[in-house]
Amino acid sequence: SPFEGMSNRNGIAMSGCPEKYDAGVLYKEGDTVTVNNSIFRCKGWPNSGHCSQVGYKPLETTSTPDSWKTAWDFIGNCNSYEKLDVVNAAVAQSGFRSKVAVAELVW
């Protein structure tokens, strides 16, 4: 990938979306995962202790609805971030310096 080793403004690798959430992984503060094409980041301590616990999977509603929000922050959608990464990389490679900041891109 031409974006190997690069990250977008939220720290997501530009080569693709983060790995899918896996209940068997011990997540720590700052880890990112994908669930249903959405990207989530594990919150800082002390909330990060919940990121690997049953019932705190992002978007999980089977045990206690919205309990996942205690442990995870929603930071975007995989498709929109991948498209934004391509645009940002092209601008960066052109050497063009823009003072315009894109707050959010939704496709």
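Reading guide: rules and limits
- Residues numbered from 1 in each chain as written.
- Predicted model: local features only at pLDDT ≥ 70, side-chain atom pairs only at ≥ 80, totals over all residues.
- Heavy atoms only, no water.
- Disulfide = S-S within 2.5 Å.
- Helix = DSSP H or I, 4+ residues; strand = E, 2+ residues; numbered from the N terminus.
- Buried < 20%, exposed > 50% of the residue type's maximum accessible area, 1.4 Å probe, protein only.
- Pairing = 2+ DSSP bridges.
- Axes fitted to C-alpha atoms, helices over the stretch in contact; angles between N-to-C directions.

Looking now at the state of the cysteines. Two cysteines whose sulfur atoms are joined by a covalent bond form what is called a disulfide. Counted according to the given criterion, the structure contains two disulfides. Residue pairing for C17: its cysteine sulfur links by disulfide to C78, the two sulfurs lying 2.3 Å apart. Within this pair, whereas C17 is found in the segment before β1 (32-35), its partner C78 is found in helix α1 (residues 78-94), the two being separated by 61 residues in sequence. By relative accessible area, C17 is classed as partly exposed at 31%.

All right, on to the sheet that holds strand β2 (residues 38-42) then. The three strands lie next to each other as β1-β2-β3, forming an open sheet whose pairing is antiparallel. Taken across any chain shown, the strands that pair with only one partner, and hence form the sheet edges, are β1 and β3 (72-77). Ignoring strand direction, the axes of neighbouring strands in this sheet form an average angle of 35 degrees. Bridge analysis of β2 against β3 gives five bridges, and the strand direction is antiparallel. Note that in β3 the partner of R41 across the bridge is D73.

Within the element layout of this structure, G55 appears in the loop between β2 and β3. Taking the C-alpha atoms as reference, G55 lies 9.9 Å from A23; in sequence the two are 32 residues apart.

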